[in-house]
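# Architecture and fold: a report
So the chains spell out like this:
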Amino acid sequence: MVEVTNIEKSFGRLQVLKGINTQIEKGKIVAVLGPNGSGKTTLIKCILGLVIPDKGKIFVNGRDIKNDFNYRNDIGYLPQIARFPENLNVTELFEMIRDLRKSEGNSEELVSIFGITDFLNKPLRSLSGGTRQKVNVILSLMFNPLLYIFDEPTVGLDPISRVRFKEWVKKEKSLGKTALLVTHLLSEVDELSDELIFLLEGKIYYKGTPGELKESQKENTLEKAIARLLEAGGGQRQELVES
Ligand code: ADP
């Protein structure tokens, strides 16, 4: 579904991505992990065409994304920080995005699932952080895309909404959809992801299933396994890196 070949990206003197190679298979949920500043958001922005890599190629659903913006219609993106036109109300925002995407979407069911019916006529500037995040989540889910890209999707959501979000994502996976999930919440990774990619200093430090990672580090939690993986450092690095 997504193929990333030898992607490099620098901002000024800072090289943020140092040759990323990976494939994300259709129907899989892949978690992207790594410390702050390791390049997670830059990588997903490259896949979205919001950041142009200095080197390398990206294919989404078999199409080279360079000079082709239509592939974005197949993506539901949930940014970490949503910036909305603050004077619009929620219904107007949904309307605007429908117009932009030239697609109806199904906000109705999602509005009911996330319990924001009472906020539909409220201006976005008046919404609490949690309600804004629900709007953000609904926008990423409502157009029935082939590929989801979630950047810290459940931050700020209440427990019921977290559960409902995860249920929706699991249902979509069962329908063959693909998702990339950037998150700090390892319980979410354990629950949702088929595979994880751990970025460190702009490179893929580890790629495998959560189970494989735990097994290889002889730990029973992802948290401990990742800590051990990082402690192992340079010595094991070569065998852990997928090139
Ligand atoms: P992560 O998502 O893993 O926290 P990012 O991809 O956001 O990491 O950032 C990686 C590094 O790139 C950081 O040091 C960040 O400051 C820098 N960076 C990201 N975007 C830009 C930009 N547009 N201009 C300059 N530096 C940037």
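Scroll up a little and you will see the structure.
Presented here is an overview of the structure given in this document. Keep in mind that what you see is a predicted model, and the values were worked out from it rather than measured.

Here the structure, examined in full by the defined rule, presents 17 salt bridges. Note that Arg-228 is salt-bridged to Glu-219, the shortest N-O span being 2.8 Å. Each of Arg-63, Asp-68 and Asp-74 takes part in one network of salt bridges that share partners.

Where two aromatic rings form a pair, the distance of their centres and the angle of their planes describe that pair. For the coordinates displayed, the defined rule picks out three aromatic pairs. Considering the side-chain rings of Phe-150 and Phe-165, the 5.0 Å spacing of their centres and the 80 degrees angle between planes classify their relative orientation as edge-to-face. Placement of Phe-150 in strand E7 (residues 147-151) and of Phe-165 in helix H5 (residues 159-174) is noted, with a sequence separation of 15 residues between them. Assessed through its relative accessible area of 1%, Phe-150 is described here as buried. Taken together, a centroid distance of 6.3 Å and an interplanar angle of 55 degrees make the contact between Phe-198 and Tyr-205 tilted. On the basis of relative accessible area, Phe-198 is assigned to the buried category, the value being 5%. Joined through ring pairs, the aromatic side chains of Tyr-148, Phe-150 and Phe-165 make up one cluster.

Relative to strand E2 (residues 14-24), strand E1 (residues 2-11) runs antiparallel, the two being bridged by eight bridges. Along E2, the bridge assignment pairs Glu-3 with Gln-23. Between the end of E1 and the start of E2, which pair antiparallel, lie two residues, with Gly-12 showing a positive phi angle near 60 degrees. As defined by bridge partners, E1 adjoins strand E4 (residues 55-60) across five bridges and the pair is classed as antiparallel.

Here we come to the sheet that holds E1. The strand order across the open sheet formed by four strands is E2-E1-E4-E5, and the pairing between neighbours is antiparallel. Single-partner strands in this sheet number two, and they are E2 and strand E5 (63-64).

Before going further, it helps to examine empty space enclosed by the protein. In this approach a probe as big as a water molecule rolls over the atoms, and the regions it shows empty are the leftover space. For the coordinates displayed, the defined rule picks out one cavity of 30 Å³ or more. Each pocket or cavity is described by its volume, and for the largest cavity that value is around 30 Å³. Along its surface, the largest cavity is lined by Ile-29, Tyr-148, Val-169, Glu-172, Lys-173, Lys-177, Thr-178 and Ala-179. Residue assignment for the lining of the largest cavity shows that the elements contributing at least two residues are H5 and strand E8 (178-182).

Cut-offs used in this document
- Residues numbered from 1 in each chain as written.
- Predicted model: local features only at pLDDT ≥ 70, side-chain atom pairs only at ≥ 80, totals over all residues.
- Heavy atoms only, no water.
- Salt bridge = Lys/Arg side-chain N within 4 Å of Asp/Glu carboxyl O.
- Phe/Tyr/Trp six-rings, centres within 6.5 Å; stacked < 30°, edge-to-face > 60°.
- Helix = DSSP H or I, 4+ residues; strand = E, 2+ residues; numbered from the N terminus.
- Buried < 20%, exposed > 50% of the residue type's maximum accessible area, 1.4 Å probe, protein only.
- Pairing = 2+ DSSP bridges.
- 1 Å grid on protein atoms, 1.4 Å probe; cavity = no way out; pocket = protein on both sides within 12 Å on 5 of 7 lines; lining within 4 Å.
- Points joined across faces, edges and corners; volume = space filled by probe spheres on them.

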